[in-house]
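# Inside the fold
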Amino acid sequence: MRASNEPFFWSMFSAGGMVAAMVIPALIIVTGFLLPAGAIGFDRLNTVLTNPIGRFVVLGITFLVFAHAAHRLRHTMIDLGVTQFRLQIAVAIYGLALGGVIWTAIVVFA
Amino acid sequence: MSKQYPRQHSSTWYLARWPYRLFMLRELSAVFMAVYVVLMVIMVSRIYEGQDAYEDYRDFLKSPFVIVFHLIALAFALLHSITWFQAVPRAIRIRRGEEFVPPQALIGTHILAWFGISVVIIGIFLI
Amino acid sequence: MIDVARYHPEHDEEPQYERFEVPYRSDWVVLDALNHIKDQDDGSLTYRWSCRMGVCGSCGMMVNGVPVLTCAAFLRDYLPGPVRVEPLAGFPVERDLVVDLKDFIGKLSAVKPWIIREEETPLSEGEYKQSPGQLADFKQFSMCINCMLCYSACPVYQHEEEFVGPAALALAQRYNADSRDEGNAERYPLIWSDDGIWDCTFVGECSEVCPKHVDPAGAIQSAKLESTVGWYTSFLPLGRKRD
């Protein structure tokens, strides 16, 4: 029986799931509702997000949520009945997530 | 050996019953959260570009379509949070002596932490 | 009124539904109704049952699409009817409501559900001692009656026949968590494989339908955590070696 590589992906999925559960609702309230409502000024946003800690937090959240979503979507595809081309689908989905993380790193640090 | 009727499986099993429908919604929450994070990173990049770019993006955030997306994403995010915290004591069983730490205690701790973190996040931006 | 799935292996291509009228009594379960049909209407109706008290695990069937023990499914909960009774989902049908158990039995024995010792202690040195706490570690997982309701509730098993499945994985966890057992390393290759715990997407219905509250879904999540810790520590100098 071949040892599975799932522990690595599952640990990322779990870490991402926990962080997403803790921060995403509050972030949606901030950027989806408080921002358009005008409750937060540009200067405050700029201070928080140009801070080195802020940059790392943005990248960290992005990495973990993408890793979580990619893993979940990959397994959901199988549950939805797409049982063919598993390797190709896995490569495509994890690749997309990795691309998103690289894009975020460029945004945050360039 | 007589002829068996082979095992069947439905390709739409997740529509059959409410527990399965909720499961599928829970799984889809990840997609909505990922799309939300993409919007968030775009916002961050606009802020780095300066106030004008940010104001343009804020107009985009004000459009009804985007507000509705954020409402749906919030509903999915809450579904994720609640189901996630409920799952924690299933994977982590902590035994003290002869008794297990009650699942409610573990779930409650996570929900308290969740509220605390949420207040901090909203506070950081509002102050 | 009861709609029963009928399948005769010699002259049916697929199951048909047959409708029977049974008297309603508030203390009757679905199994009582089936027994009534077999006594009064059609003696050829084929199904498994034995204890009538939720212990033997042989009368599991789909009632209105949900896997239940028919000896514990009261007709009063399905009013006004009709009640649809089908064989357990996910298994080949032998006849009427009887399914083939071969796949399940094979998986049960594949996880080595017995106490494995590196060296047996001679009988003269007494029994293997266990504290109440050590017993609590696995007791819940030891309540399984092999009724297979969890397999029928599991959508992953429906599309992945190779999936070891809820009851067998919970049983593996039961022995892995037993302080007297030393066989974890023999069980890990199968249960930590892609067809073991990693097929599970934590739908959770296995635990909902379990008549004995074994919580196979929880057992599998615990095993995932254990496997992940094992995977990371396998890179450490003193960690368990990977297979």
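Residues numbered from 1 in each chain as written. Chains lettered and ligands numbered in written order. Predicted model: local features only at pLDDT ≥ 70, side-chain atom pairs only at ≥ 80, totals over all residues.

## Side note on the overall build of chain C
- Within chain C one finds nine helices and seven strands.
- Judged by the C-alpha coordinates and their principal axes, chain C covers about 70 × 40 × 30 Å.
- The buried share of chain C, reckoned over its 243 residues, is 42%.
- Taking contacts inside chain C between residues at least 6 apart in sequence as the whole, the part at least 24 apart equals 64%. (Helix = DSSP H or I, 4+ residues; strand = E, 2+ residues; numbered from the N terminus. Buried ≥ 20, exposed ≤ 12 C-beta atoms within 10 Å, placed from the backbone. Contact = placed C-beta atoms within 7 Å.)

## A few points about helix α1 (residues 18-49) of chain B
- Here α1(B) spans 46 Å end to end across 32 residues, near enough to the 46 Å set by a 1.5 Å rise per residue.
- Once α1(B) finishes, B:Gly50 follows within two positions and takes phi at roughly 125°, a positive value. (Expected span 1.5 Å × (residues − 1).)

## Some thoughts on the interface of chain A and chain C
- Every contact between the two is made by 13 residues of chain A and, on the other side, 15 residues of chain C.
- Secondary structure elements with two or more residues in the side of chain A that touches chain C: α1 (6-37) and α3 (52-79) of chain A.
- Of the residues forming the side of chain A that touches chain C, the biggest block, five residues, is contributed by α1(A).
- For the side of chain A that touches chain C, the class distribution of residues is five nonpolar, five polar and three charged. (Nonpolar A, V, L, I, M, F, W, Y, C, P; charged D, E, K, R; others polar.)

## Here we look at the pairing of strand β4 (residues 66-69) of chain C
Residue and element names in this part refer to chain C.
- Two elements, strand β3 (residues 60-63) and β4, share four bridges in a ladder whose sense is antiparallel. Counted as the bridge partner of Gly60 is Leu69 from β4.
- Here β3 hands over to β4 after two residues, with Asn64 in that stretch at a positive phi of 50°. (Pairing = 2+ DSSP bridges.)

## Some points on the nonpolar core
- Counting residues in hydrophobic clusters, the biggest one holds 109 residues, and the most contacted among them are A:Val65, A:Phe66, B:Met33, C:Cys150, C:Leu169, C:Leu171 and C:Ile191.
- Top element by residues in this core is α1(A). It accounts for twelve residues.
- Setting aside residues up to four positions removed in sequence, A:Phe66 forms contacts with A:Ala97, A:Gly100, A:Val101, B:Ala34 and B:Val37. (Core = buried A, V, L, I, M, F, W, Y, C linked by C-beta atoms within 7 Å.)

## Quick word on the packing of α3(A) against helix α4 (residues 86-109) of chain A
All names here are of chain A.
- It is the contact of α3 with α4, at a shortest axis distance of 9 Å, that shows an interaxial angle of 165°. When the axis of α3 is compared with that of α4, the two are roughly antiparallel. Crossing of α3 over α4 shows right-handed handedness.
- For the contact of α3 with α4, the residue count by class is 19 nonpolar, three polar and three charged. (Axes fitted to C-alpha atoms, helices over the stretch in contact; angles between N-to-C directions. Parallel < 35°, antiparallel > 145°, perpendicular 65-115°, else oblique. Left-handed = near helix turned anticlockwise from the far one by under 90°.)

## Some thoughts on the packing of α1(B) against helix α3 (residues 64-91) of chain B
All names here are of chain B.
- Between α1 and α3, the shortest axis-to-axis distance is 8 Å and the interhelical angle comes to 125°. Comparing their axes, α3 and α1 come out oblique. Seen along the crossing, α1 lies across α3 with a hand that is left-handed. Contacts from Leu25, Arg26, Leu28, Ser29, Phe32, Met33 and Tyr36 of α1 reach α3 at Ile72, Ala73, Phe76, Ala77, Leu79, His80 and Thr83.
- Of the residues contributing to the contact of α1 with α3, the split by class is ten nonpolar, three polar and one charged.

## What to know about the interface of chain A and chain B
- In this assembly, 41 residues from chain A lie in contact with 39 residues from chain B.
- Within the residue set of the side of chain A that touches chain B, elements represented by two or more residues are α1, α2 (42-50), α3 and α4 of chain A.
- Its residues assigned to classes, the side of chain A that touches chain B comprises 29 nonpolar, ten polar and two charged.

## What to know about the sheet that holds β4(C)
Residues and elements named next belong to chain C.
- On the basis of which strands lie adjacent, the open sheet formed by five strands has the order β2-β1-β5-β3-β4 and mixed pairing. Looking along the sheet, the strands with just one partner apiece sit at the ends: β2 (16-20) and β4. Sheet twist, expressed as the mean angle between neighbouring strand axes with direction ignored, is 35°.

## Details of the confidence of the model for chain C
- Considering every residue of chain C, the mean pLDDT works out to 93; 98% of them sit at 70 or more.
- The ipTM assigned to the predicted complex is 0.94, against a pTM of 0.92. (pLDDT = per-residue confidence, 0-100.)

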